[in-house]
Amino acid sequence: MYDIIIVGSGPGGLTAGIYASRSRMKTLMLSSQVNPSLITTTEIVENYPGFPGGISGYELIERFTQQAGMFGLEIVEDDVVSLERASRDSLDIWRVKTGNGSFDALSVILATGTGYAHLNVPGESEYTGKGVSYCATCDGPFYRDVPVAVVGGGNTAVQEALFLTRFASRVTIIHRRDRLRATRILQERAVAHEKIDFAWNSAVEEILGENLVNAVRISDIGDPSKKKTLEVDGVFVFTGYIPNTAFVTNVVSCDEGGYVMVDTQMKTSAPGIFACGDCTRKLLRQVITACGDGATAAFAAEQYVQDLKGSAYSAWAVS
Amino acid sequence: MAEGTFVENPDYPIELNDDTLDEAVNNYPFLVVDCWAEWCGPCRMLGPIIESLAKKHQGDIVFAKIDVDKNNKTASRYGIRSIPNLLVFKDGAKAGDIVGAMPEDKLLERINTFKG
(Lines give C-alpha, C1' and ligand atoms only; values in the text may rest on other atoms or scores of the structure.)
Protein backbone atom coordinates (compact mmCIF):
# COMPACT_ATOMS: atom_id res chain seq x y z
CA MET A 1 0.00 0.00 0.00
CA TYR A 2 1.23 3.43 -0.93
CA ASP A 3 0.88 6.71 0.91
CA ILE A 4 0.39 8.59 -2.34
CA ILE A 5 -0.27 7.51 -5.90
CA ILE A 6 0.36 10.15 -8.53
CA VAL A 7 -1.50 9.62 -11.79
CA GLY A 8 0.41 11.26 -14.64
CA SER A 9 4.03 12.06 -15.30
CA GLY A 10 4.10 15.62 -16.62
CA PRO A 11 5.51 18.66 -14.85
CA GLY A 12 2.72 18.74 -12.22
CA GLY A 13 2.93 15.04 -11.41
CA LEU A 14 6.72 14.94 -11.32
CA THR A 15 6.93 17.97 -9.07
CA ALA A 16 4.44 16.30 -6.74
CA GLY A 17 6.66 13.22 -7.00
CA ILE A 18 9.77 15.16 -6.03
CA TYR A 19 8.05 16.70 -3.01
CA ALA A 20 6.31 13.53 -1.87
CA SER A 21 9.39 11.31 -2.21
CA ARG A 22 11.56 13.88 -0.53
CA SER A 23 9.08 13.87 2.38
CA ARG A 24 9.62 10.11 2.56
CA MET A 25 6.07 9.37 1.59
CA LYS A 26 5.80 5.94 -0.03
CA THR A 27 4.93 7.22 -3.47
CA LEU A 28 4.06 5.56 -6.77
CA MET A 29 3.70 7.36 -10.07
CA LEU A 30 1.55 5.79 -12.77
CA SER A 31 2.74 7.08 -16.10
CA SER A 32 0.38 6.82 -19.06
CA GLN A 33 1.50 5.00 -22.19
CA VAL A 34 -1.41 6.45 -24.14
CA ASN A 35 -1.35 10.11 -23.19
CA PRO A 36 2.21 11.34 -22.87
CA SER A 37 2.67 14.72 -21.25
CA LEU A 38 2.07 17.32 -23.93
CA ILE A 39 5.17 19.19 -22.88
CA THR A 40 7.29 16.30 -24.21
CA THR A 41 6.12 17.20 -27.70
CA THR A 42 6.94 20.88 -27.27
CA GLU A 43 10.03 21.78 -29.18
CA ILE A 44 11.17 24.60 -26.96
CA VAL A 45 10.08 25.97 -23.58
CA GLU A 46 11.22 29.57 -23.25
CA ASN A 47 9.29 30.72 -20.21
CA TYR A 48 10.37 28.24 -17.55
CA PRO A 49 12.73 30.09 -15.21
CA GLY A 50 16.29 28.91 -14.97
CA PHE A 51 16.76 28.14 -18.65
CA PRO A 52 17.54 31.47 -20.29
CA GLY A 53 18.31 29.81 -23.62
CA GLY A 54 15.13 27.75 -23.52
CA ILE A 55 14.97 23.98 -23.13
CA SER A 56 13.19 21.27 -25.11
CA GLY A 57 10.07 19.95 -23.40
CA TYR A 58 11.36 16.42 -23.63
CA GLU A 59 14.65 17.29 -21.95
CA LEU A 60 12.86 19.24 -19.24
CA ILE A 61 10.75 16.19 -18.41
CA GLU A 62 13.83 13.96 -18.42
CA ARG A 63 15.42 16.28 -15.88
CA PHE A 64 12.28 16.31 -13.71
CA THR A 65 12.19 12.51 -13.85
CA GLN A 66 15.85 12.22 -12.94
CA GLN A 67 15.38 14.60 -10.02
CA ALA A 68 12.36 12.67 -8.73
CA GLY A 69 14.31 9.43 -9.09
CA MET A 70 17.04 10.81 -6.86
CA PHE A 71 14.54 10.90 -4.02
CA GLY A 72 13.31 7.41 -4.77
CA LEU A 73 10.09 7.98 -6.68
CA GLU A 74 8.80 4.70 -8.07
CA ILE A 75 7.39 4.99 -11.59
CA VAL A 76 5.26 2.35 -13.32
CA GLU A 77 4.02 2.73 -16.88
CA ASP A 78 0.38 1.83 -16.78
CA ASP A 79 -2.89 3.49 -17.71
CA VAL A 80 -5.49 4.07 -15.03
CA VAL A 81 -8.94 2.76 -15.78
CA SER A 82 -10.82 3.65 -12.60
CA LEU A 83 -10.61 4.91 -9.03
CA GLU A 84 -12.64 3.23 -6.32
CA ARG A 85 -13.14 3.77 -2.60
CA ALA A 86 -12.12 0.73 -0.59
CA SER A 87 -11.27 -0.23 2.95
CA ARG A 88 -8.07 -1.80 4.20
CA ASP A 89 -6.76 -2.25 7.74
CA SER A 90 -9.82 -0.25 8.85
CA LEU A 91 -8.58 2.72 6.82
CA ASP A 92 -10.47 4.34 3.97
CA ILE A 93 -8.24 3.98 0.94
CA TRP A 94 -8.37 4.49 -2.81
CA ARG A 95 -7.97 1.56 -5.16
CA VAL A 96 -6.45 2.63 -8.44
CA LYS A 97 -7.23 0.14 -11.18
CA THR A 98 -5.09 -0.02 -14.28
CA GLY A 99 -4.98 -2.07 -17.44
CA ASN A 100 -2.61 -4.52 -15.75
CA GLY A 101 -3.60 -4.57 -12.11
CA SER A 102 -4.58 -2.45 -9.16
CA PHE A 103 -2.75 -0.37 -6.59
CA ASP A 104 -3.90 0.81 -3.16
CA ALA A 105 -3.10 4.17 -1.67
CA LEU A 106 -4.18 6.41 1.16
CA SER A 107 -4.29 9.37 -1.20
CA VAL A 108 -4.21 10.08 -4.90
CA ILE A 109 -2.90 13.04 -6.86
CA LEU A 110 -4.44 13.45 -10.29
CA ALA A 111 -1.96 14.99 -12.71
CA THR A 112 -3.36 13.59 -15.92
CA GLY A 113 -3.00 16.65 -18.11
CA THR A 114 -4.84 17.21 -21.33
CA GLY A 115 -4.87 15.93 -24.89
CA TYR A 116 -5.42 17.80 -28.11
CA ALA A 117 -8.98 18.50 -29.19
CA HIS A 118 -10.07 17.22 -32.55
CA LEU A 119 -11.82 19.20 -35.27
CA ASN A 120 -14.49 16.57 -35.83
CA VAL A 121 -14.71 17.22 -39.54
CA PRO A 122 -14.84 14.71 -42.41
CA GLY A 123 -11.42 13.36 -43.32
CA GLU A 124 -9.86 14.09 -39.95
CA SER A 125 -9.82 10.61 -38.45
CA GLU A 126 -9.40 8.97 -41.84
CA TYR A 127 -6.19 10.86 -42.49
CA THR A 128 -4.75 10.93 -38.98
CA GLY A 129 -1.13 9.90 -39.41
CA LYS A 130 -1.60 10.34 -43.13
CA GLY A 131 -1.35 14.11 -43.21
CA VAL A 132 -3.43 15.08 -40.19
CA SER A 133 -1.22 15.61 -37.15
CA TYR A 134 -1.43 16.85 -33.58
CA CYS A 135 2.33 16.93 -33.02
CA ALA A 136 4.55 19.20 -35.08
CA THR A 137 7.74 18.07 -33.40
CA CYS A 138 6.90 14.43 -34.18
CA ASP A 139 5.77 14.88 -37.74
CA GLY A 140 7.10 18.21 -39.00
CA PRO A 141 10.24 16.79 -40.61
CA PHE A 142 8.09 14.68 -42.96
CA TYR A 143 6.84 17.86 -44.59
CA ARG A 144 10.04 19.16 -46.13
CA ASP A 145 9.43 21.65 -48.95
CA VAL A 146 5.67 21.12 -49.08
CA PRO A 147 2.86 23.45 -47.95
CA VAL A 148 1.03 22.73 -44.69
CA ALA A 149 -1.82 24.26 -42.71
CA VAL A 150 -2.00 24.88 -38.97
CA VAL A 151 -5.46 25.14 -37.45
CA GLY A 152 -5.82 27.40 -34.41
CA GLY A 153 -4.64 30.78 -33.16
CA GLY A 154 -3.43 30.19 -29.60
CA ASN A 155 0.06 29.78 -28.20
CA THR A 156 0.47 26.17 -29.27
CA ALA A 157 -0.79 26.77 -32.80
CA VAL A 158 1.51 29.72 -33.40
CA GLN A 159 4.53 28.13 -31.76
CA GLU A 160 4.08 24.97 -33.80
CA ALA A 161 3.54 27.00 -36.98
CA LEU A 162 6.87 28.71 -36.35
CA PHE A 163 8.52 25.34 -35.81
CA LEU A 164 7.06 23.99 -39.06
CA THR A 165 8.61 26.82 -41.09
CA ARG A 166 11.91 24.96 -40.73
CA PHE A 167 10.60 22.26 -43.01
CA ALA A 168 7.52 23.31 -44.92
CA SER A 169 7.59 25.56 -47.96
CA ARG A 170 4.60 27.50 -46.65
CA VAL A 171 2.59 27.44 -43.43
CA THR A 172 -0.97 28.75 -43.52
CA ILE A 173 -2.53 29.44 -40.13
CA ILE A 174 -6.28 28.86 -40.30
CA HIS A 175 -8.03 30.72 -37.51
CA ARG A 176 -11.67 31.36 -36.64
CA ARG A 177 -11.06 34.97 -35.68
CA ASP A 178 -9.38 37.98 -37.26
CA ARG A 179 -6.47 38.07 -34.85
CA LEU A 180 -4.30 35.59 -32.95
CA ARG A 181 -4.84 34.72 -29.31
CA ALA A 182 -1.19 33.74 -28.83
CA THR A 183 1.10 35.73 -26.60
CA ARG A 184 2.46 38.89 -28.19
CA ILE A 185 6.01 37.75 -28.88
CA LEU A 186 4.75 34.71 -30.80
CA GLN A 187 2.30 36.86 -32.77
CA GLU A 188 5.09 39.20 -33.78
CA ARG A 189 7.29 36.34 -34.93
CA ALA A 190 4.49 34.73 -36.93
CA VAL A 191 3.34 37.90 -38.66
CA ALA A 192 6.93 38.79 -39.56
CA HIS A 193 7.75 35.33 -40.91
CA GLU A 194 7.98 35.15 -44.67
CA LYS A 195 6.79 31.52 -44.84
CA ILE A 196 3.67 32.08 -42.73
CA ASP A 197 0.39 33.36 -44.13
CA PHE A 198 -3.08 33.47 -42.63
CA ALA A 199 -6.62 32.38 -43.43
CA TRP A 200 -8.55 34.63 -41.04
CA ASN A 201 -12.17 34.15 -39.98
CA SER A 202 -12.08 30.66 -41.38
CA ALA A 203 -13.29 27.25 -40.28
CA VAL A 204 -12.12 23.88 -41.57
CA GLU A 205 -14.97 22.03 -43.28
CA GLU A 206 -13.23 18.98 -44.62
CA ILE A 207 -9.81 17.44 -45.01
CA LEU A 208 -9.34 16.03 -48.47
CA GLY A 209 -6.90 13.54 -49.91
CA GLU A 210 -6.14 10.38 -51.71
CA ASN A 211 -4.36 7.94 -49.37
CA LEU A 212 -2.56 11.02 -48.06
CA VAL A 213 -3.87 14.52 -47.42
CA ASN A 214 -3.65 16.84 -50.40
CA ALA A 215 -5.99 19.71 -49.49
CA VAL A 216 -8.19 21.30 -46.86
CA ARG A 217 -11.52 22.99 -47.54
CA ILE A 218 -12.30 26.04 -45.44
CA SER A 219 -15.29 28.33 -45.22
CA ASP A 220 -15.77 31.90 -44.10
CA ILE A 221 -17.12 32.18 -40.52
CA GLY A 222 -19.37 35.12 -41.43
CA ASP A 223 -20.60 33.66 -44.71
CA PRO A 224 -20.19 29.86 -44.85
CA SER A 225 -21.17 29.82 -48.52
CA LYS A 226 -17.80 31.39 -49.23
CA LYS A 227 -15.48 28.39 -49.48
CA LYS A 228 -11.88 27.97 -50.42
CA THR A 229 -9.64 24.96 -50.94
CA LEU A 230 -6.04 25.18 -49.82
CA GLU A 231 -3.64 22.69 -51.36
CA VAL A 232 -1.59 21.35 -48.47
CA ASP A 233 0.19 18.09 -47.70
CA GLY A 234 -0.37 18.37 -43.99
CA VAL A 235 -2.95 19.71 -41.55
CA PHE A 236 -1.70 20.32 -38.00
CA VAL A 237 -4.54 20.72 -35.52
CA PHE A 238 -4.03 22.86 -32.40
CA THR A 239 -7.49 24.14 -31.61
CA GLY A 240 -7.67 23.39 -27.94
CA TYR A 241 -7.44 20.74 -25.28
CA ILE A 242 -9.51 18.06 -23.61
CA PRO A 243 -8.63 17.06 -20.03
CA ASN A 244 -7.69 13.41 -19.55
CA THR A 245 -10.26 13.00 -16.81
CA ALA A 246 -12.88 10.64 -18.27
CA PHE A 247 -12.05 7.95 -15.68
CA VAL A 248 -12.63 10.24 -12.67
CA THR A 249 -15.65 12.36 -13.59
CA ASN A 250 -17.81 10.01 -11.49
CA VAL A 251 -15.48 10.32 -8.48
CA VAL A 252 -14.56 14.00 -8.26
CA SER A 253 -16.44 17.15 -9.26
CA CYS A 254 -15.48 18.49 -12.65
CA ASP A 255 -16.60 21.59 -14.52
CA GLU A 256 -18.60 21.42 -17.74
CA GLY A 257 -15.38 21.05 -19.74
CA GLY A 258 -14.28 18.04 -17.67
CA TYR A 259 -11.59 19.92 -15.75
CA VAL A 260 -11.21 18.80 -12.12
CA MET A 261 -12.42 21.37 -9.57
CA VAL A 262 -9.82 22.05 -6.88
CA ASP A 263 -9.46 24.51 -4.03
CA THR A 264 -6.29 26.47 -3.24
CA GLN A 265 -4.85 23.39 -1.52
CA MET A 266 -5.48 21.31 -4.65
CA LYS A 267 -8.16 19.32 -2.84
CA THR A 268 -10.89 17.84 -5.00
CA SER A 269 -14.44 17.09 -3.88
CA ALA A 270 -13.40 13.57 -2.82
CA PRO A 271 -11.48 13.02 0.46
CA GLY A 272 -7.86 12.08 -0.17
CA ILE A 273 -7.93 12.93 -3.86
CA PHE A 274 -5.92 15.94 -4.97
CA ALA A 275 -5.29 17.28 -8.44
CA CYS A 276 -2.73 19.50 -10.10
CA GLY A 277 -1.65 20.89 -13.42
CA ASP A 278 -3.48 21.14 -16.73
CA CYS A 279 -6.27 18.70 -15.81
CA THR A 280 -7.61 21.13 -13.22
CA ARG A 281 -9.89 24.12 -13.69
CA LYS A 282 -7.54 27.11 -13.70
CA LEU A 283 -6.64 30.28 -15.52
CA LEU A 284 -3.18 29.54 -16.87
CA ARG A 285 -1.95 26.13 -18.02
CA GLN A 286 1.83 26.28 -18.15
CA VAL A 287 4.75 24.20 -16.88
CA ILE A 288 5.45 26.70 -14.13
CA THR A 289 1.88 26.74 -12.83
CA ALA A 290 1.63 22.95 -13.00
CA CYS A 291 4.79 22.69 -10.92
CA GLY A 292 3.41 25.05 -8.30
CA ASP A 293 0.19 23.08 -8.13
CA GLY A 294 2.15 19.84 -7.89
CA ALA A 295 4.16 21.00 -4.90
CA THR A 296 0.99 22.15 -3.13
CA ALA A 297 -0.85 18.93 -3.95
CA ALA A 298 1.99 16.81 -2.57
CA PHE A 299 2.13 18.83 0.64
CA ALA A 300 -1.64 18.69 1.09
CA ALA A 301 -1.67 14.96 0.37
CA GLU A 302 1.08 14.41 2.90
CA GLN A 303 -0.92 16.25 5.56
CA TYR A 304 -3.96 14.18 4.72
CA VAL A 305 -1.97 10.95 4.98
CA GLN A 306 -0.43 11.97 8.29
CA ASP A 307 -3.85 12.84 9.70
CA LEU A 308 -5.25 9.57 8.45
CA LYS A 309 -2.48 7.59 10.05
CA GLY A 310 -3.20 9.47 13.22
CA SER A 311 0.36 10.49 13.72
CA ALA A 312 1.05 13.95 15.02
CA TYR A 313 2.40 16.27 12.40
CA SER A 314 5.30 17.62 14.37
CA ALA A 315 7.27 20.66 13.42
CA TRP A 316 10.65 18.92 13.15
CA ALA A 317 9.32 16.70 10.40
CA VAL A 318 8.78 19.66 8.10
CA SER A 319 12.40 20.72 7.67
CA MET B 1 24.44 -5.71 -43.92
CA ALA B 2 25.50 -8.42 -46.32
CA GLU B 3 23.19 -11.19 -47.47
CA GLY B 4 22.60 -13.98 -45.01
CA THR B 5 23.76 -12.00 -42.02
CA PHE B 6 20.35 -11.66 -40.38
CA VAL B 7 20.05 -13.20 -36.96
CA GLU B 8 17.64 -16.11 -37.09
CA ASN B 9 15.50 -15.47 -34.04
CA PRO B 10 16.48 -12.14 -32.55
CA ASP B 11 15.16 -11.30 -29.07
CA TYR B 12 15.79 -7.60 -29.66
CA PRO B 13 14.76 -5.15 -32.40
CA ILE B 14 17.29 -5.37 -35.22
CA GLU B 15 18.57 -2.16 -36.78
CA LEU B 16 17.64 -1.55 -40.41
CA ASN B 17 18.22 1.19 -42.96
CA ASP B 18 17.06 2.13 -46.47
CA ASP B 19 19.38 -0.45 -47.99
CA THR B 20 18.67 -3.40 -45.71
CA LEU B 21 14.90 -3.12 -45.25
CA ASP B 22 13.93 -5.10 -48.38
CA GLU B 23 16.24 -7.92 -47.54
CA ALA B 24 14.86 -8.13 -44.01
CA VAL B 25 11.29 -8.12 -45.34
CA ASN B 26 12.15 -11.08 -47.56
CA ASN B 27 14.09 -12.83 -44.85
CA TYR B 28 11.48 -12.80 -42.06
CA PRO B 29 7.94 -14.09 -42.63
CA PHE B 30 6.48 -11.69 -40.03
CA LEU B 31 8.34 -8.47 -39.48
CA VAL B 32 7.32 -5.38 -37.53
CA VAL B 33 9.41 -2.30 -38.28
CA ASP B 34 9.36 0.57 -35.79
CA CYS B 35 9.88 3.80 -37.74
CA TRP B 36 11.24 6.33 -35.29
CA ALA B 37 13.46 9.38 -34.95
CA GLU B 38 15.57 10.96 -32.26
CA TRP B 39 13.41 14.09 -32.02
CA CYS B 40 10.12 12.26 -31.50
CA GLY B 41 9.07 12.06 -27.82
CA PRO B 42 6.33 9.43 -28.27
CA CYS B 43 8.82 7.28 -30.23
CA ARG B 44 11.08 7.17 -27.22
CA MET B 45 8.13 5.94 -25.17
CA LEU B 46 7.44 3.18 -27.67
CA GLY B 47 11.09 2.05 -27.79
CA PRO B 48 11.08 0.05 -24.52
CA ILE B 49 7.70 -1.49 -25.42
CA ILE B 50 9.12 -2.76 -28.72
CA GLU B 51 12.15 -4.15 -26.90
CA SER B 52 9.92 -5.94 -24.42
CA LEU B 53 7.73 -7.43 -27.15
CA ALA B 54 10.80 -8.57 -29.10
CA LYS B 55 11.98 -10.48 -26.05
CA LYS B 56 8.60 -12.00 -25.20
CA HIS B 57 7.76 -13.03 -28.76
CA GLN B 58 11.14 -14.25 -29.88
CA GLY B 59 10.78 -16.80 -32.67
CA ASP B 60 7.23 -15.64 -33.39
CA ILE B 61 7.48 -11.98 -34.37
CA VAL B 62 10.65 -10.27 -35.53
CA PHE B 63 10.95 -6.61 -34.56
CA ALA B 64 13.15 -4.06 -36.23
CA LYS B 65 13.69 -0.35 -36.04
CA ILE B 66 14.61 2.19 -38.62
CA ASP B 67 15.58 5.81 -38.02
CA VAL B 68 13.45 7.51 -40.66
CA ASP B 69 15.30 10.78 -40.18
CA LYS B 70 18.40 9.17 -41.62
CA ASN B 71 16.46 6.93 -44.00
CA ASN B 72 14.25 9.23 -46.04
CA LYS B 73 13.66 6.72 -48.81
CA THR B 74 11.79 4.36 -46.51
CA ALA B 75 9.71 7.23 -45.14
CA SER B 76 8.62 8.46 -48.56
CA ARG B 77 8.21 4.99 -50.04
CA TYR B 78 5.68 4.01 -47.37
CA GLY B 79 4.05 7.44 -47.18
CA ILE B 80 5.03 7.92 -43.55
CA ARG B 81 3.73 11.25 -42.33
CA SER B 82 3.63 10.56 -38.63
CA ILE B 83 5.75 8.67 -36.16
CA PRO B 84 5.92 6.44 -34.26
CA ASN B 85 4.72 4.31 -37.13
CA LEU B 86 4.99 0.54 -37.22
CA LEU B 87 5.14 -1.08 -40.64
CA VAL B 88 3.94 -4.66 -40.56
CA PHE B 89 5.26 -7.04 -43.23
CA LYS B 90 3.88 -10.51 -43.79
CA ASP B 91 5.38 -13.02 -46.23
CA GLY B 92 7.45 -10.37 -47.92
CA ALA B 93 4.73 -7.75 -48.42
CA LYS B 94 3.36 -4.87 -46.41
CA ALA B 95 0.31 -6.02 -44.48
CA GLY B 96 -0.49 -2.74 -42.76
CA ASP B 97 0.72 -0.05 -40.44
CA ILE B 98 0.05 1.11 -36.90
CA VAL B 99 0.38 4.82 -36.15
CA GLY B 100 0.98 6.29 -32.71
CA ALA B 101 2.17 5.10 -29.32
CA MET B 102 -0.01 2.73 -27.28
CA PRO B 103 0.30 0.34 -24.34
CA GLU B 104 2.05 -2.96 -24.88
CA ASP B 105 -1.03 -5.16 -24.76
CA LYS B 106 -2.97 -2.97 -27.19
CA LEU B 107 -0.03 -2.86 -29.53
CA LEU B 108 0.33 -6.62 -29.50
CA GLU B 109 -3.38 -6.96 -30.21
CA ARG B 110 -3.06 -4.68 -33.24
CA ILE B 111 0.02 -6.53 -34.48
CA ASN B 112 -1.74 -9.86 -34.15
CA THR B 113 -4.63 -8.71 -36.36
CA PHE B 114 -2.14 -8.73 -39.24
CA LYS B 115 -0.86 -12.22 -38.54
CA GLY B 116 -3.92 -13.92 -39.98
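Reading the values: rules and limits
Residues numbered from 1 in each chain as written. Chains lettered and ligands numbered in written order. Predicted model: local features only at pLDDT ≥ 70, side-chain atom pairs only at ≥ 80, totals over all residues. Heavy atoms only, no water. Pairing = 2+ DSSP bridges. Helix = DSSP H or I, 4+ residues; strand = E, 2+ residues; numbered from the N terminus. Contact = heavy atoms within 4.5 Å. Axes fitted to C-alpha atoms, helices over the stretch in contact; angles between N-to-C directions. Phe/Tyr/Trp six-rings, centres within 6.5 Å; stacked < 30°, edge-to-face > 60°. Buried < 20%, exposed > 50% of the residue type's maximum accessible area, 1.4 Å probe, protein only. Lys NZ or Arg CZ within 6 Å of the ring centre and 35° of its normal. Core = buried A, V, L, I, M, F, W, Y, C linked by side-chain atoms within 4.5 Å. Disulfide = S-S within 2.5 Å. Domains from an automatic or database assignment. Buried area = accessible area lost by both parts, 1.4 Å probe. Salt bridge = Lys/Arg side-chain N within 4 Å of Asp/Glu carboxyl O.

(A) Summary view of the sheet that holds strand β10 (residues 170-174) of chain A. Residue and element names in this part refer to chain A. Read from one edge of the open sheet, five strands run β8-β15-β9-β10-β11, paired in parallel fashion. The open sheet has two edge strands with one neighbour each: β8 (132-133) and β11 (196-199). By the bridge criterion, two bridges tie β8 to strand β15 (residues 234-237) in an arrangement that is parallel. Considered in β15, the bridge of S133 is made with F236. Contacts from helix α4 (residues 155-164) reach β9 (147-151), β10, β11 and β15, with the element oriented near 170° to β9.

(B) Just the packing of aromatic side chains, in detail. Going through the model one piece at a time under the given rule, you end up with ten aromatic pairs over all chains. Both rings, one in Y116 of chain A and one in Y241 of chain A, keep their centres 5.6 Å apart while their planes meet at 35°; by these two values the pair is tilted. Placement of Y116 of chain A in strand β7 (residues 114-116) and of Y241 of chain A in strand β16 (residues 241-243) is noted, with a sequence separation of 125 residues between them. According to the relative accessible area criterion, Y241 of chain A is partly exposed, its value standing at 36%. Taking 4.6 Å as the distance between ring centres and 5° as the angle between the ring planes, the aromatic pair formed by F198 of chain A and W200 of chain A counts as stacked. Overall, the relative accessible area of 22% leaves F198 of chain A in the partly exposed class. Residue class for W200 of chain A comes out partly exposed when judged on its relative accessible area of 32%. Members of the aromatic cluster, each reached through a chain of ring pairs, are Y48, F51 and F64 of chain A. A cation over an aromatic ring shows up here: K65 of chain B above the ring of W36 of chain B, its NZ or CZ 5.6 Å from the ring centre.

(C) The arrangement of the nonpolar core in detail. Core analysis: the biggest nonpolar cluster contains 69 residues, and I207 and V216 of chain A together with V33 of chain B have the highest contact counts within it. At six residues, α4 of chain A tops the list of elements feeding residues into this core. If we skip the residues at most four places from it in the chain, V33 of chain B touches L16, L21, A64, I66, N85, L86, L87 and F89 of chain B.

(D) Region of the structure containing the state of the cysteines. Tallied over the full model, the rule gives two disulfides over all chains. Across a sulfur-sulfur distance of 2.3 Å, C135 of chain A and C138 of chain A are joined as a disulfide pair. Classification of the bridge connecting C135 of chain A and C138 of chain A rests on its S-S torsion, roughly 70°, and on that basis the disulfide is right-handed. Both residues of the pair, C135 of chain A and C138 of chain A, belong to the buried class. Each sulfur of the disulfide joining C40 of chain B and C43 of chain B lies 2.4 Å from the other. Note on the C40 of chain B and C43 of chain B pair: the S-S dihedral is about 85°, so by sign convention the disulfide is right-handed. Exposure remark for C40 of chain B: the relative accessible area of 0% places this residue in the buried category. Residue classification places C43 of chain B among the buried positions, given a relative accessible area of 4%. Residue C276 of chain A stays outside any disulfide, its sulfur separated by 6.5 Å from that of C279 of chain A, the closest cysteine.

(E) Highlighting the domain arrangement of chain A. Residue and element names in this part refer to chain A. As assigned here, chain A comprises domain 1 (2-115 + 241-317) and domain 2 (118-237). Taking only C-alpha atoms, the centre of domain 1 and the centre of domain 2 are 33 Å apart. Counting residues at the interface gives six residues for domain 1, matched by nine residues for domain 2. For the pair domain 1 and domain 2, the summed buried surface comes to about 610 Å²; carbon and sulfur atoms form 37% of the total. Area buried by domain 1 at its contact with domain 2 is led by T41, E43 and E46, which between them contribute 66% of it. Summed over the shared surface of domain 1 and domain 2, the result is one salt bridge.

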